[in-house]
Amino acid sequence: MTKVTRAQFDDVMVPNYVPGKVIPVKGEGSRIWDQEGREFVDFAGGIAVSALGHAHPALVEALTTQGQKLWHLSNVMTNEPAIELAQKITDNTFADKVFFCNSGAEANEAALKLGRRHAFLKSGPEKHEIISTLNSFHGRTLFTVSAGGQAKYKEGFEPTPGGISHVPYNDLAAMKAQISDKTAAVIVEPIQGEGGITPATQEYLEGLRALCDEHDALLIFDEVQTGVGRTGHLYAYQAYGVVPDVLTTAKALGGGFPIGAMICTDKVAGSLAFGTHGSTYGGNPLACSVSLAVLDVVLADGVLDQVTAKAEKIKSALAGINEKHGVFKDIRGMGLLIGAELNDDLAGKAKDFVNAALEEGLMMLVAGPNVIRFTPSLIIPDADIEEGLARFEKAVEKIVNQ
Ligand SMILES: *Cc1c(COP(=O)(O)O)cnc(C)c1O
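Cut-offs used in this document
- Residues numbered from 1 in each chain as written.
- Predicted model: local features only at pLDDT ≥ 70, side-chain atom pairs only at ≥ 80, totals over all residues.
- Heavy atoms only, no water.
- Pairing = 2+ DSSP bridges.
- Helix = DSSP H or I, 4+ residues; strand = E, 2+ residues; numbered from the N terminus.
- Axes fitted to C-alpha atoms, helices over the stretch in contact; angles between N-to-C directions.
- Contact = heavy atoms within 4.5 Å.
- Buried < 20%, exposed > 50% of the residue type's maximum accessible area, 1.4 Å probe, protein only.
- Phe/Tyr/Trp six-rings, centres within 6.5 Å; stacked < 30°, edge-to-face > 60°.
- Near = heavy atom within 4 Å.
- Polar contact = N/O pair within 3.5 Å; in protein donor to acceptor, adjacent residues only side chain to side chain.
- Areas by Shrake-Rupley, 256 points an atom, 1.4 Å probe, with all protein chains shown as cover.
- Nonpolar A, V, L, I, M, F, W, Y, C, P; charged D, E, K, R; others polar.
- Domains from an automatic or database assignment.
- Buried area = accessible area lost by both parts, 1.4 Å probe.
- Arc of directions from axis to C-beta.

### Focus: the sheet that holds strand S10 (residues 218-222)
Right, so step 1: One open sheet holds the seven strands; their spatial order is S4-S12-S11-S10-S7-S5-S6, and the pairing between them is mixed. Each edge of the open sheet is held by one strand with a lone partner, namely strand S4 (97-101) and strand S6 (164-167). Averaged over all adjacent pairs, the angle separating strand axes in this sheet is 20°, with direction ignored.
Right, so step 2: Pairing analysis gives three bridges linking strand S5 (residues 129-133) to strand S7 (residues 183-188), with the strands arranged parallel. By the bridge assignment for S7, Ile-131 is matched with Val-186.
Right, so step 3: Along the sheet, helix H4 (residues 80-92) contacts S4 and strand S12 (260-264); its crossing angle with S4, the most-contacted strand, is approximately 130°.

### Some points on the pairing of strand S17 (residues 371-374)
Right, so step 1: Residues Val-371 and Arg-373 line one face of S17 and the alternating positions Ile-372 and Phe-374 line the opposite face, and both faces are buried.
Right, so step 2: The pairing of strand S14 (residues 337-342) with S17 spans four bridges and is antiparallel. Bridged to Gly-339 within S17 is Arg-373.
Right, so step 3: Here strand S16 (residues 365-366) pairs with S17 via two bridges, running antiparallel. When the bridges of S17 are listed, Leu-365 appears paired with Arg-373.

### Concerning the packing of aromatic side chains
Right, so step 1: With the rule as written, the count across this model stands at six aromatic pairs.
Right, so step 2: Consider the rings of Phe-43 and Phe-374, whose centres lie 6.1 Å apart with planes at 55°: the pair is tilted. Of the two residues, Phe-43 sits in the loop between strand S3 (39-42) and helix H2 (45-48) while Phe-374 sits in strand S17, which places them 331 residues apart along the sequence. The burial state of Phe-43 is the same as that of Phe-374; both residues are buried.

### Describing the site of the ligand
Right, so step 1: Looking at the ligand, there are 13 residues lining it, with Gly-104, Ala-105, Asp-222, Gln-225 and Lys-251 nearest.
Right, so step 2: Within the side chain of Gln-225, one N or O atom sits 2.8 Å away from an oxygen atom of the ligand.
Right, so step 3: Starting from 380 Å² of accessible surface for the ligand in isolation, the protein chains cover 82%.
Right, so step 4: Its residues placed into classes, the shell around the ligand shows three nonpolar, six polar and four charged.

### Topic: unusual backbone geometry
Right, so step 1: The omega angle of the peptide bond from Glu-158 to Pro-159 is 0°, so this bond is cis rather than trans.
Right, so step 2: Position of Pro-159 among the secondary structure elements: in the loop between helix H6 (142-147) and S6.
Right, so step 3: A positive phi angle, close to 65°, is found at Asn-170, a residue other than glycine.
Right, so step 4: Among the structural elements, Asn-170 can be located in the loop between S6 and helix H7 (172-178).

### A short note on the domain arrangement of the protein chain
Right, so step 1: Here the protein chain is partitioned into domain 1 (6-55 + 301-400) and domain 2 (58-298).
Right, so step 2: Here the C-alpha centroids of domain 1 and domain 2 sit 26 Å apart.
Right, so step 3: Counting residues at the interface gives 26 residues for domain 1, matched by 27 residues for domain 2.
Right, so step 4: Together domain 1 and domain 2 conceal approximately 2200 Å² of surface at their shared face, both sides included; 67% is due to carbon and sulfur atoms.
Right, so step 5: The three residues of domain 1 that bury the most area against domain 2 are Leu-52, Met-334 and Leu-337, which together make up 29% of that side's buried surface.

### Brief notes about helix H3 (residues 57-67)
Right, so step 1: Listed as buried for H3 are Leu-59, Ala-62 and Gln-66. One face of H3 carries all of its buried residues, which in axial projection span an arc of 60°. Away from its buried face, by an angle of more than 90 degrees, H3 presents the exposed residues Pro-57 and Glu-61.
Right, so step 2: Against the buried residues of H3 lie H4 and helix H11 (285-298).

As structure tokens, then:
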């Protein structure tokens, strides 16, 4: 086989992505190597997906063992890993029931359909409105871009589904003004991820819970990015102590193997009765086996606690870099979901920092035009944190001195 090149990408791929110049071929822990053998520290983890780094032995073991047994059945037949995984999720969360799918968008699609269907069955078709927040991100299907609070992702795809409104995030008065007895569901990220790593305030989530109860609307937490240990808690709702009716999880759930889930209480699960919703691949035994291994590691003694310790290490180093170079106006987030917002004189330049970091051998992400995002593996070794931060500081120096 001849070696593929980055130039070939542009010849054969739909141009909706513009990937970086390097083509990684191998990963181990928090290090990645490209075709030329160049080594990178990984502070991105895909997009907050590879929560246990690359090629984690327990995940490789789960994948290869299941891979030799049974790959696929569809939901005409159930399978052992799916039932075991649902049991593990319900044992460790508020949820009583689980619906499996393959991505975050699909998990939110299921949550929003459940929200509508539940209200329809209980109160009739008038109660169908969905309220979301500005700047939110819920996926790229037509229903989920419509729920998302970023107009640019909808442009040219109209008409989008109706009955969806958007209010400013962390603004309880705005939600209070919008919510009514016609509201079927409120969907919100406990920490807005793509929108700039903005945590909800405690009062906001508590207030949303009370408003949803008052108006008999479902509260949906989109934890696609915040879930599976990212915040130092299995799910961010546990940090806030505010329990939703429905929660969506994907990204880190498979540690890099595609899987998503919509999880909910018994009270609402029945509204997705037989035949109302489905997925061919959802609950696939390969995906569920890997996900079981992910949860075993994340829930093992000490793992969640050290997420917070590693996050403190990164945040204090970023504060040090900031003291020297004066680049950030805010360093925020929870656990290993960290955002560093650029000063006004560097507005719009987050991508330049990420590109400069790649030149120094560090993979990282933006969260909007002004925020640099850090989402390393939850078990990244301290030595890799230090090396990554050293490379990041070099990238910062390059930008401020140019
Ligand atoms: C990434 C993300 C999604 C979409 O997940 P996909 O797997 O890309 O469909 C939805 N919600 C949030 C909060 C996300 O971060």
